[in-house]
Amino acid sequence: MSPPATTLRQAVDGGGFTWLAGIEDTFITAPNPRTGRTLDEYELTGHYERWWSDLALLRELGVQAVRYGLPWHRLNPEKSRYSFGWAERAIERLLELGIEPVLDLVHYGVPAWLEGAFAHPDYPAYVEEYAARVAERFRDRIHAFTPLNEPRITAWYAGRLGWWPPHRRDFRGFVEVLLAVCRGIARTTAALRSACPDALIVHVDACDLYEAEEPALEQEAEFRQQLGFLALDLVSGRVGDAHPLRPWLLARGATVKELEERQEHPVALDVIGLNLYPMFSLKRVQRRRNRLRIRASSANGELVERLGALYHRRYARPLLISETASEGSVARRMAWLDASVAAVSNARARGIPIAGYTWWPLFALVAWAYREGTRPVSHYLKQMGLWDLRPDALGALERVPTKLVERYRALIAEGAAGVGSVAISRDP
């Protein structure tokens, strides 16, 4: 079966536009010490069993591409042993449907045998080996990859909050995990390019916009904003002597040698994926009862334009809305779909090179709190998708279409005309 046209590459190179969707693929294999629960979204939503019909939903939408996660822990269940059967079938089906996969290699979790997760000294080597195996397996069929989804959020939950392995709980832990995942991204990218020289690498991170509630907090807001850029800055070799967070990093465990290595071996940012949500991505820096607080504030479509302009100004690279959705009623989700697509159109009209839009997730996801809790899966469903998930009489999660399906299909049918044209350069 010949692969579909690499529509995302065409959009990036030629100023076109690609419509995508994605299936939530958080994989936390380590059991919660209190509840014993893991968090495998494909398992919890039944995607491992229903992948054939789930992928047919993408065809029903008419999307040209899909951000699709590979479960590293299943593909590589033991050290140096690989089993590609399930992934092979799913990817071949996507190609048969004419949908381009953008493979998401690591989404927060690692195989259970990798003790210490990102803190394992050989993590960069193991993730490089995994990426090389994937690239070799699919080199003639797959042309777009994400090495690791949201490095900053990975470092925050695994290194700062302690929710996920290696369960660090301070900023030293954050720096430790962030540096490890950035080393892994660099080695993964090299492995992908070795096997697939024409591969398009999509570097995806969570994008937040910080605003100070009062002038005295502007310095803290700026620090938080720089922290949001840090993963991309490290990967692309931008943390030199003049970087505002270099002293902060060195004071929290980073070494001069490590930072120089990142500078000396920068990774080219083919495309920057912006993960943004109206209920999460606008952050207010506040002071309440003499304590600093960072609170999410509800945002309108202007958030898309402001973040797009911010990242384009800093990196001068093509952008992709790699995740966005709202949560709650269909009306609320519909309002965000229309507002965010209109904002993409406005941004492109201003010359901001947004090459595609991804509604994420395709159907509802299971909240991360499931791993910490004890209630049934249905209690933790977040209705953010184009399809809702509803438990049937036996507890299986049925895919229930909403009016968003029809609306998204209509937007896709309009193609690039619906978001305007823009000249997109791949030169920095």
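The following refers to the structure shown. All of these numbers come straight from a predicted model, not from anything done at the bench.

Describing the packing of helix α7 (residues 151-160) against helix α9 (residues 218-235)
Alright, step 1. Two elements in contact, α7 and α9, have axes whose closest approach is 7 Å; the angle formed by their N-to-C orientations is 110°. The orientation of α7 relative to α9 falls into the category roughly perpendicular. Counting all contacts with α7, which are made through Pro-151, Arg-152 and Trp-156, the residues of α9 involved are Arg-224, Leu-227, Gly-228 and Ala-231.

Observations regarding the state of the cysteines
Alright, step 1. In total, this model carries zero disulfides according to the counting rule given.
Alright, step 2. Of all cysteine sulfurs in the structure, the one in Cys-207 sits closest to Cys-182, which takes part in no disulfide; the separation is 14 Å.
Alright, step 3. Cys-182 sits in the buried class, given a relative accessible area of 1%.
Alright, step 4. You can call Cys-207 buried: its relative accessible area is 0%.

Structural notes on unusual backbone geometry
Alright, step 1. In this structure, Pro-166 follows Pro-165 across a cis peptide bond, with omega equal to 10°.
Alright, step 2. Among the structural elements, Pro-166 can be located in the loop between α7 and α8 (171-195).
Alright, step 3. Each neighbour pair has its own omega, and for Trp-360 with Pro-361 the value is 10°, a cis peptide bond.
Alright, step 4. Tracing the chain through its elements places Pro-361 in the loop between β13 (354-359) and β14 (365-366).
Alright, step 5. The phi torsion at Ala-117 lies on the positive side, around 50°, for a residue other than glycine.
Alright, step 6. Here Ala-117 lies in the loop between β5 (100-104) and α6 (123-138).
Alright, step 7. A residue is classified by how much of its surface remains accessible, and Ala-117, at 4% relative accessible area, is buried.

Examining the nonpolar core
Alright, step 1. The biggest cluster of nonpolar side chains holds 141 residues, and the ones touching the most others in it are Tyr-311 and Tyr-408.
Alright, step 2. The element that contributes the greatest number of residues to this core is α8, accounting for 14 residues.
Alright, step 3. Leave out the neighbours within four places in its chain, and Tyr-408 touches Trp-19, Leu-20, Leu-61, Val-63, Leu-337, Tyr-357, Thr-358, Trp-359 and Leu-386.
Alright, step 4. Counting 13 residues, the second largest nonpolar core, distinct from the first, contains Leu-8, Val-202, Val-271 and Leu-320.

Observations concerning the pattern of salt bridges
Alright, step 1. For the structure shown, the criterion picks out 29 salt bridges.
Alright, step 2. When the shortest N-O distance is used, the salt bridge between Glu-60 and Arg-409 registers 3.4 Å. In this pair, Glu-60 sits in helix α3 (residues 47-61) while Arg-409 sits in helix α15 (residues 403-414), placing the two residues 349 residues apart along the sequence.
Alright, step 3. Where Arg-314 meets Asp-233, a salt bridge forms, and the shortest distance between an N and an O atom there is 2.6 Å. Of this pair, Arg-314 sits in helix α12 (residues 302-315) while Asp-233 sits in helix α9, and the two are 81 residues apart along the sequence.
Alright, step 4. Look at Arg-314 and you get partly exposed, because its relative accessible area is 26%.
Alright, step 5. Taking relative accessible area as the criterion, Asp-233 reaches 0% and is therefore assigned buried.
Alright, step 6. Here the salt bridges share partners, and the residues they tie into one network are Glu-88, Glu-92, Arg-137 and Arg-141.

Criteria and cut-off values
Residues numbered from 1 in each chain as written. Predicted model: local features only at pLDDT ≥ 70, side-chain atom pairs only at ≥ 80, totals over all residues. Heavy atoms only, no water. Axes fitted to C-alpha atoms, helices over the stretch in contact; angles between N-to-C directions. Helix = DSSP H or I, 4+ residues; strand = E, 2+ residues; numbered from the N terminus. Parallel < 35°, antiparallel > 145°, perpendicular 65-115°, else oblique. Contact = heavy atoms within 4.5 Å. Disulfide = S-S within 2.5 Å. Buried < 20%, exposed > 50% of the residue type's maximum accessible area, 1.4 Å probe, protein only. Core = buried A, V, L, I, M, F, W, Y, C linked by side-chain atoms within 4.5 Å. Salt bridge = Lys/Arg side-chain N within 4 Å of Asp/Glu carboxyl O.

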